[in-house]
Structure formats: C-alpha cells, structure tokens
Amino acid sequence: MIETLQAISENCCEEGKENANVDGGTPLGKLGQFASLTAKWYTDEHLLTEEVRNAEKENLIYIHDKDFYPTGSTTCCQIPLGKLLKRGFNTGHGSIRPPKTIETALSLASIILQANQNMQHGGQAFPCFDYDLAPYVRKTYESYYDSSFSETEEEREKLAWEKTEKATYQGCEAFIHNANSMHSRGGGQIPFVSINYGTDTSKEGRLLMKQLLLATQAGLGNGETPIFPIQIFKVKDGVSGKEGDPNYDLFQLAVETTSKRLFPNFSFLDSAFNKQFDTGDPESEVAYMGCRTRVMGNIHGDETSIGRGNLSFTSVNLVKIALQSEGFLSNFFAKLEKVSDLVVRQLLERFRFQCERRAEEFPFLYSQGIWRDGEELSANSSVAELLKQGTLSLGFIGLAEALLVLTGKHHGECEETWELGQKIVSFLRKKMDDATAEFGLNFSLLATPAEGLSGKFIKRDREHFGEIDHVTDKSFYTNSFHVPVQSTISIGEKIRREAPFHTLCNAGHITYIELDGNASANPTAMMQIVKLMKQHGLGYGSINHPVDRCKTCGFHGMIGESCPQCGEKDASNIERIRRITGYLVGDLKRWNKAKKEEEQKRVKHRW
C-alpha cells in the first residue's frame with residue numbers, strides 16, 4: 001500500500017489512468033486516488049467477510065466502486081427531470097424556481113446532474129429528455145409570440161418559431177458545453193451524463209431533438225468531439241423506426257450525427273425484452289445509462305426506470321474459473337455456482353450496509369425526490385424501503401477467453417461454442433432470477449462495462465498461469481459477452497452472435513460495430529447497420545469509428561502520421577477520439593495500457 005501511495009504521489013502508476021473521465025495526474029486526481037486506496041483498505045478490513053476477501057485475492061471476483069463502499073452510496077439513477085423542473089428544486093444552498101425558457105431549463109438540467117453526481121458513485125441520466133423539456137420550448141415560443149408586433153398572424157407565428165429554434169439551439173449548445181466542463185466530487189471528475197430521447201412527436205419535442213443533434217454535430221468551441229452527454233436515441237416502430245414514421249427524419253439525423261461524433265448510441269424499444277414494459281406512457285419506455293446499465297424490472301413497484309437505479313454490482317472472472325476447471329465443464333459449472341452464490345451474499349451484505357444509511361446523508365438524492373419517493377422521508381429516516389426499488393447486479397467478463405480455455409474456440413467462430421456461451425450466461429441469469437425469488441430483491445445480470453477491469457483480471461491470471469495463447473498473451477480480457485475484438489467477423493454475424501446475450505443480461509448490455517475510414521462519408525451504410533441491430537433484437541448498440549482532429553488547422557477526418565491538410569506531425573497536436581468499451585469516448589492519450597492495446601487490436605468489421 002505504501003508503495004502504491006508513493007507511486008500516486010510521483011504520478012507514475014497505471015491506476016491514475018483507470019478511468020478516462022478522471023485526470024489522475026492533477027492534484028485533485030491524486031487526492032482522489034489517495035482517498036480511494038485508503039477507503040478500499042477500510043472496506044477490506046472492516047466491511048467484507050473473509051470469504052469475500054479471499055475470493056478477491058484469488059482473482060475470482062471484483063467489487064466495483066469498492067472505494068465508495070464505506071459511504072453507503074448507490075451507483076446510478078434515471079432522474080425525473082420533468083418533475084424537478086415543474087416544481088423547482090433546492091441544491092442545499094437555496095431554492096431554484098421553475099424555468100420559463102428552454103435555455104434556463106437546460107441550464108438547470110446541468111445543475112441537477114452536477115448536484116446528484118455528489119450523491120452517487122456512478123452516472124446520472126435523464127430517461128425522457130425530449131418529453132421533459134418540450135414544455136419549455138413551448139413557453140419560449142409563447143413568450144416570443146406574445147412580444148411580437150408583426151403585421152400578420154402568420155408572420156408573427158413564423159418569427160416566434162424562428163426565435164424559439166435559435167434559443168433552443170443555444171440552450172442545447174450550452175448544455176453540451178456544460179456537460180464537458182462542469183466538475184463534481186470536489187473538482188475531481190466530470191459528471192457521467194447520459195440522456196435518452198427520440199419518441200416525443202410533438203412540434204416542441206422534435207424541435208428540441210433536432211437542435212440538440214445539430215449542436216452535437218457542431219462540437220465544442222474548437223470543434224472538438226464532446227465526450228458528454230452520452231446520448232441514446234430511442235428507435236421505435238410507429239414513431240421513428242421506419243420510413244413514414246413521424247420521427248424518422250430525426251432518426252436519420254441521429255445516424256448522421258453519430259457518423260460524425262460517435263454519439264448518439266441507439267436503443268431499440270421493439271426488442272421483446274424492452275417492448276414488454278411499454279404501455280404507451282413515455283415513462284414506461286426502457287431507458288439506458290450510457291455505460292449500458294438498464295433498470296426496468298421491479299418486484300416492489302412500478303416497472304419503470306424513472307427515479308430508480310443500480311445499487312451496486314460485482315463482476316465474476318469467467319476466465320479464472322475456466323482455468324481452474326482442468327478442461328471439465330462439470331468442474332466449471334460447479335465452481336461458477338459457488339462463486340455466483342458468493343457474489344449474491346456479498347451484494348446482500350452491501351445492500352444491508354446501504355440500508356443503514358439515513359436520508360440526510362444524501363440530501364439532494366432523497367429530499368428532492370431524485371430517487372423514487374425520497375421526498376417523503378424525513379432527514380433522519382432510513383432509506384431501506386426505498387432502496388428495494390433498485391437493482392443488485394452480478395456482472396461478468398471474459399466469456400470469449402473462458403470458452404477458448406474450455407473448448408479451444410470462442411463463440412464467434414463455432415456454433416457449438418456459441419451455444420455453450422449462451423448456456424453459461426443463462427446459468428448466471430437463472431442464479432439472479434432465483435436470488436430475486438429467494439430474497440425479495442431485484443437481482444439482475446449485467447454485461448460488465450469493464451473500462452478498468454479489463455486489464456486487472458488478466459494481469460494477475462498471467463502471473464499465476466503464465467502466457468496462454470489467445471487467453472493471457474495480451475493485456476486485456478474481452479469485455480462481457482463480446483466476440484473478441486481481434487476476431488475477423490462480418491457486421492451481420494457479430495450482431496447475430498451477440499443478440500441472444502442482450503436478452504439474458506437484463507441489467508444492461510451493448511453491442512458495438514467497429515468501422516474503418518471516414519464514417520460520415522457513408523451515412524447510408526451507418527443506417528443499414530443500425531437497422532440490422534434492430535432487426536436482430538438488440539437492446540442497445542453503437543458504432544465505433546475513428547474521429548480525428550488536427551488542433552493546428554482544425555481538419556476533421558482520418559489522420560495518419562500527419563495531417564493531410566496542413567502536414568502537422570506532432571502527436572500532441574492531433575486529437576484521436578476513440579470509444580472505450582463501447583460507451584465512454586476520449587483521446588487515446590488518456591487511456592490505460594490495457595485499453596490502448598485493446599483498441600490497437602480491434603479488427604474492423606465489414607459486410
């Protein structure tokens with residue numbers, strides 16, 4: 001521990017680049033690392049059972065956000081933006097009145113995200129961004145209409161809408177800039193912001209979405225690609241999914257935007273496991289966190305994402321279990337059952353610790369009703385009953401490498417192995433369903449978003465088992481159920497093989513396609529890919545492609561060793577934005593070693 005603290009002080013440890021959303025080299029970044037390390041020590045010594053500690057030492061499990069364990073905080077939440085804007089809110093330093101314009105509403109949305117990021121250790125999201133903000137587009141229009149002195153009614157209305165459109169664009173532009181510049185947690189981190197939209201067909205909602213997408217295309221002040229917000233465009237037949245649908249033009253604009261800026265990603269509301277919740281009410285539509293987390297099923301109340309989130313999650317190292325199984329599937333499943341049962345117990349232990357907290361410890365989250373029914377609690381009230389609305393998730397990593405160990409092939413190259421992969425993940429899903437029935441809590445299965453974990457598990461396994469071809473001979477394990485990034489596979493085949501795992505991973509999932517070249521030059525192909533995802537029943541998908549920018553001349557496009565426009569060769573003057581594990585994007589220079597190698601090994605998918 002002392003050596004690691006010294007390494008942090010000298011800014012020479014890989015942990016400083018564990019999260020591309022945090023600059024570990026800054027004073028507050030280092031302070032966060034010091035606090036994280038000591039909090040994890042406290043958790044190990046005082047909050048975890050010996051059995052759980054041993055499982056972590058054996059590299060079988062990983063407790064995510066363990067440094068936040070002593071605080072009793074929860075992971076994430078889909079924020080009821082509409083409710084907060086309609087009635088106003090209080091951040092603890094004074095009351096905020098309801099907004100009267102779309103520009104003010106978007107500014108307040110930023111404040112809400114920033115305030116709640118200090119209450120939880122995960123991300124913050126708006127599930128109905130379009131519906132929640134449309135009323136303030138209308139208020140803006142009415143204000144311009146009432147103050148107009150045009151000679152005719154037609155001209156008066158036209159001018160009012162033109163001014164409203166301009167104001168909405170400026171509000172969206174400010175929201176995007178705020179999302180990439182405001183800080184939380186003592187200045188150590190930009191809030192992890194996600195927004196869901198796409199199904200509001202009102203004139204106001206459509207205007208908002210169009211201006212948001214156009215502002216995203218424009219980029220930041222010098223044309224940089226925005227890292228936040230992570231945008232998720234909802235695709236739904238009858239609304240946006242097919243030609244002739246009222247929002248199909250916005251769907252087309254969304255695809256054009258992602259070809260230029262990597263966002264939005266796409267959620268598919270017609271997939272069977274998402275459509276089952278849709279009652280026609282916008283709040284019943286499935287919403288995702290940008291990281292892929294999905295919270296819908298609920299045995300304690302309304303099955304909606306609104307005002308709910310994940311409580312905590314712990315991931316299983318499938319590769320280590322496979323390596324210990326000596327090639328016998330019976331050994332593998334016996335060990336997997338033992339480890340998954342242990343994770344259930346650990347999640348329950350953490351849940352019980354979280355239930356000991358009082359509402360006053362998370363004032364904004366509860367007093368303002370961010371978490372469902374939180375406003376009904378007094379400051380000294382226990383949060384136990386409200387937390388039952390959240391989810392407890394088991395995650396996993398390295399399905400591909402585990403299958404290679406067990407069969408010699410991965411699920412992207414062999415039908416039998418693909419079926420075995422589904423059997424393994426189905427086994428885990430059943431364990432979560434059984435835990436839900438036994439303990440009366442919302443247990444769920446998550447396809448782990450493994451930005452930092454991808455390199456941690458494999459490093460320790462290599463130390464124990466040595467270098468094994470295609471398994472431990474690199475610096476990362478394959479994320480969750482994904483086909484290995486270095487596998488040569490067509491676009492359609494990758495989507496087909498990963499689709500069944502979306503159904504199984506009810507706590508969250510994602511599939512991404514890797515493209516080469518300038519994606520913005522071929523929006524038709526981009527649309528075909530998104531529609532193929534929809535056709536195969538994916539829940540959530542994204543498309544990765546290079547987004548390069550020359551800081552010297554402002555050129556956007558593919559940049560090799562030098563800028564094709566001005567000849568710039570200095571790497572520090574060339575921005576290379578890439579997607580990390582399918583969700584968070586950032587400049588390659590800020591990635592850790594494992595993620596850099598993973599990106600370098602990614603094979604581009606072709607038709």
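To be clear, the structure that these remarks concern was listed above.
Residues numbered from 1 in each chain as written. Predicted model: local features only at pLDDT ≥ 70, side-chain atom pairs only at ≥ 80, totals over all residues. Heavy atoms only, no water.

(A) How the structure looks around the overall build of the chain. If you tally the helices and strands in the chain, you get 20 helices and 16 strands. The burial tally for the chain puts 59% of its 607 residues in the buried class. Carbon and sulfur atoms form 48% of the exposed surface of the chain, whose accessible area is close to 23,400 Å². For the chain, the distance from the average site of its 70 positive side-chain charges to the average site of its 80 negative ones is 1 Å. (Helix = DSSP H or I, 4+ residues; strand = E, 2+ residues; numbered from the N terminus. Buried < 20%, exposed > 50% of the residue type's maximum accessible area, 1.4 Å probe, protein only. Areas by Shrake-Rupley, 256 points an atom, 1.4 Å probe, with all protein chains shown as cover. Lys, Arg positive; Asp, Glu negative; His and termini not counted. Charge placed at Lys NZ, Arg CZ, Asp CG, Glu CD.)

(B) Here's a closer look at the pairing of strand β12 (residues 511–514). Neither face of β12 is left uncovered, since the one carrying Thr511 and Ile513 and the one carrying Tyr512 and Glu514 both have all their residues buried. Here β12 runs beside strand β13 (residues 540–544); their pairing, made up of 4 bridges, is parallel. Bridge pairing in β13 links glutamate 514 to asparagine 544. Remark: the β12/helix α19 (residues 523–535)/β13 crossover connection has right-handed handedness. (Pairing = 2+ DSSP bridges. Right-handed = clockwise from strand over helix to strand, strands pointing away.)

(C) Spatial organisation of the packing of aromatic side chains. Across all of its chains, the model carries 19 aromatic pairs by this definition. Relative to phenylalanine 251, the ring of tyrosine 248 has its centre 5.9 Å away and its plane inclined at 85°; by these criteria the two rings are edge-to-face. Within this pair, tyrosine 248 and its partner phenylalanine 251 are both found in helix α9 (residues 248–261), separated by 3 residues, close to a single helical turn. Taken as a pair, tyrosine 248 and phenylalanine 251 share a single burial class, namely buried. Ring-pair connections join several aromatic residues into one group, and the members of that group are Tyr197, Phe233, Tyr248, Phe251 and Phe266. (Phe/Tyr/Trp six-rings, centres within 6.5 Å; stacked < 30°, edge-to-face > 60°.)

(D) Quick look at the environment of threonine 436. Assignment of secondary structure puts threonine 436 in helix α16 (residues 415–439). Here threonine 436 falls in the buried class, since its relative accessible area comes to 16%. Separated by 29 residues in sequence, threonine 436 and threonine 407 have C-alpha atoms that sit 32 Å apart.

(E) Quick peek at the sheet that holds strand β5 (residues 124–126). Taken in spatial order, the 7 strands of this open sheet run β2-β5-β6-β7-β8-β13-β12, and their pairing is mixed. Where the open sheet ends on each side, the last strands, each with one partner, are β2 (77–78) and β12. As defined by bridge partners, strand β8 (residues 265–268) adjoins β13 across 2 bridges and the pair is classed as antiparallel. In the strand pairing of β13, phenylalanine 266 is matched with glycine 541.

(F) Expanded view of the packing of helix α12 (residues 329–355) against α16. Their axes nearest at 11 Å, the elements α12 and α16 cross at an angle of 35°. Where α12 crosses over α16, the handedness of that crossing is right-handed. Residue-level contacts link Leu329, Phe332, Phe333, Leu336, Glu337, Ser340, Asp341, Val344 and Leu348 of α12 to Leu420, Lys423, Ile424, Phe427, Leu428, Lys431, Met432, Ala435 and Phe439 of α16. Considering only residue class, the contact of α12 with α16 consists of 13 nonpolar, 1 polar and 4 charged. (Axes fitted to C-alpha atoms, helices over the stretch in contact; angles between N-to-C directions. Left-handed = near helix turned anticlockwise from the far one by under 90°. Contact = heavy atoms within 4.5 Å. Nonpolar A, V, L, I, M, F, W, Y, C, P; charged D, E, K, R; others polar.)

(G) Spotlight on the pattern of salt bridges. Using the criterion set out here, one finds 29 salt bridges in the structure. A salt bridge links glutamate 51 to arginine 345; the shortest N-O distance between them is 3.0 Å. Taken as a pair, glutamate 51 in helix α3 (residues 50–57) and arginine 345 in helix α12 lie far apart in primary sequence, 294 residues in all. In this structure glutamate 51 comes out as partly exposed when scored by relative accessible area, which is 41%. On the basis of relative accessibility, which here comes to 36%, the residue arginine 345 falls in the partly exposed class. Between aspartate 237 and lysine 534 there is a salt bridge, and its shortest N-O distance comes to 2.9 Å. One end of the pair, aspartate 237, is in the loop between β7 (230–235) and α9; the other, lysine 534, is in helix α19, with 297 residues separating them in the sequence. Using a relative accessible area of 30% as the deciding quantity, one classes aspartate 237 as partly exposed. One connected set of salt bridges, linked through shared partners, spans Lys234, Lys236, Asp278 and Glu285. (Salt bridge = Lys/Arg side-chain N within 4 Å of Asp/Glu carboxyl O.)

Any link to function would need more than the numbers given here.
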